[in-house]
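Chain and residue survey
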Amino acid sequence: AALAFGLDAPYDVEYHDRIGSTNDRARELAEEGVDDVVVVADEQTGGRGRLDREWAAPAGGVWASPVLRPERPPAEVPIYTLAAAVAVTRAAREVGVEATIKWPNDVLVNDGDGEERKLAGILTEMEGEADRVSWLVLGIGVNANVDRDALPPGATSLRAAVGDVDRRRFLQGILEALYDLTGADADLRAVLDAWREYASTLGRQVRVETPRGTVAGRAVDVRFPGSLVVGTDDGERAVHAGDCEHVRPT
Ligand code: BTN
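Residues numbered from 1 in each chain as written. Predicted model: local features only at pLDDT ≥ 70, side-chain atom pairs only at ≥ 80, totals over all residues.

Focus on the overall build of the chain
Quick reminder of the rule: Where helices and strands are cited, they refer to DSSP runs of H or I of at least four residues and of E of at least two residues respectively, numbered from the N terminus. Note on method: radius of gyration uses C-alpha positions; expected globular size equals 2.2 Å times residues raised to 0.38. Residues are called buried when their C-beta atom has 20 or more other C-beta atoms within 10 Å, exposed when it has 12 or fewer, and partly exposed otherwise; all C-beta atoms are positioned from the backbone.
Check the secondary structure of the chain and you find six helices and 12 strands. For a compact globule of 250 residues, the expected C-alpha radius of gyration is about 18 Å, and the chain comes in at 17 Å, within 12% of that figure. Overall, the chain is about 55 × 45 × 30 Å in size when its C-alpha atoms are taken along their principal axes. Among the 250 residues that make up the chain, the fraction classed as buried is 46%.

Brief notes about the domain arrangement of the chain
Applied cut-off: Start and end points for every domain follow an automatic or database-based domain assignment. Here contacts are defined at the residue level, using C-beta atoms placed from the backbone and a cut-off of 7 Å between them. Throughout, the ten residues Ala, Val, Leu, Ile, Met, Phe, Trp, Tyr, Cys and Pro are labelled nonpolar, Asp, Glu, Lys and Arg are labelled charged, and all others, Gly among them, are labelled polar.
Taken domain by domain, the chain holds domain 1 (2–198) and domain 2 (205–247). A C-alpha centroid distance of 23 Å is found between domain 1 and domain 2. Contacts between the two partners involve 14 residues from domain 1 and, on the opposite side, nine residues from domain 2. Those elements that place two or more of their residues in the side of domain 1 that touches domain 2 are helix H3 (77–94) and helix H6 (190–198). At four residues, H3 tops the list of elements feeding residues into the side of domain 1 that touches domain 2. Residues that form the side of domain 1 that touches domain 2 fall into these classes: nine nonpolar, one polar and four charged.

Brief notes about the nonpolar core
For clarity, the threshold we go by: Definition of nonpolar core: a set of buried Ala, Val, Leu, Ile, Met, Phe, Trp, Tyr and Cys residues joined via C-beta atoms within 7 Å.
Ranked by internal contacts, the top residues of the largest apolar core, which has 76 residues, are Ala 83, Ala 84, Val 86, Ala 87, Val 88, Ile 174 and Trp 195. If one sorts the elements of this core by residue count, H3 sits on top with 12 residues. Summarising the domain contributions, this core has at least three residues from each of domain 1 (2–198) and domain 2 (205–247). Residues within four places of Trp 195 in sequence aside, it is in contact with Leu 82, Val 86, Ile 101 and Val 222.

Focus on the sheet that holds strand E7 (residues 133–142)
The criterion, for reference: In this analysis, strands are considered paired if DSSP registers two or more bridges between them. Each axis is a line fitted through C-alpha atoms, and for a helix only the stretch in contact is used; angles between axes span 0 to 180 degrees, taken between their N-to-C directions.
Read from one edge to the other, the open sheet built from seven strands follows the order E1-E2-E3-E7-E6-E5-E4, with strand pairing classed as mixed. Two strands in the sheet have a free side with no partner beyond their single neighbour: strand E1 (12–19) and strand E4 (100–102). On average, each strand axis in the sheet is tilted by 20 degrees relative to the strand beside it, whichever way the strands run. Direction of pairing for strand E5 (residues 106–110) relative to strand E6 (residues 116–128): antiparallel, over a ladder of four bridges. The partner of Asn 110 across the bridge, within E6, is Glu 116.

Observations concerning the packing of H3 against H6
Applied cut-off: Just so you know how the angles are binned, under 35 degrees is roughly parallel, over 145 roughly antiparallel, 65 to 115 roughly perpendicular, and the rest oblique. Crossing chirality is assigned from the near helix's rotation relative to the far helix, an anticlockwise turn below a right angle marking it left-handed and a clockwise turn marking it right-handed.
Relative orientation of the contacting elements H3 and H6 amounts to 50 degrees, with a least axis distance of 9 Å. Here H3 is positioned oblique relative to H6, judged by the angle of their axes. Pair H3 / H6 crosses with left-handed handedness. The residues of H6 that touch H3, namely those facing Ile 79, Leu 82, Ala 83, Val 86 and Thr 89, are Val 191, Ala 194, Trp 195 and Tyr 198.

Details of the site of the ligand
Selection criterion: We count a residue as near a molecule or strand when its backbone-placed C-beta atom lies within 6 Å of that partner.
Taken together, 21 residues form the shell around the ligand, and within it Ser 21, Gly 49, Gly 121, Gly 139 and Gly 141 come nearest. Looking at the shell around the ligand, its residues break down into seven nonpolar, 10 polar and four charged.

Side note on the pairing of E5
With four of its five residues buried, E5 lies for the most part within the structure. Of the pairings in the sheet, the one linking E4 to E5 comprises three bridges and is antiparallel in character. Among the inter-strand pairings, Lys 102 is bridged to a residue of E5, identified as Asp 106. Linking E4 to E5, which pair antiparallel, is a turn of three residues. Where E5 hands over to E6, the hairpin turn is made up of five residues, of which Gly 112 adopts a positive phi near 100 degrees.

Shown next as structure tokens:
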């Protein structure tokens, strides 16, 4: 299958012209015990985003869900999500798009009109025991060769930024970077350095909606395995999960 897709990557490829969600199919394969596979589709009819949102996935995007089996505890999974965002950002920069990352894993592009728009997102799903992940699916969605008006407001595409790209090469770049960052020999803490380099969130005023309320302040750092450290009026708070908004200076 990898050859059929023409991808030379450390994963086998299961390619679909159209599918509901590559994450759903990847989860199925993971449950069946399939290893080192990435499910790829041209179009998704039921793409899923974070926080139970829909994810528009018209033909022409890079919709891909690698299955990983890291021999690590579930608590470390957030670092894999950050790594996926870093990998996408690297691939975008390779094609001349100055992408940045909004915590935890939204890949943004400044379209030149001062607006930061979303180019890509990651939906991580996993199953594990207390001390070890059994499988991990990193659902990677990049608005690649799609028109901006086929996407929700606030989203942009590689097409809008630099024109169409070779999606095989683009995906290969992502997967190679992901493998470098998270493969068995990788130092997972180094992911944070790469993330900091690309972050648009650090140093900004943010408002993070967390399951335990809103945290507002200045984003000062990211901490293993992926928490955002926010300087608030009551001191520093480490936020583990939530929806982050960059607040404009007024
Ligand atoms: C987000 O909300 O930012 C995450 C979006 C993740 C979308 C990708 S596209 C490939 C994979 N399959 C899905 O259904 N979702 C993810």
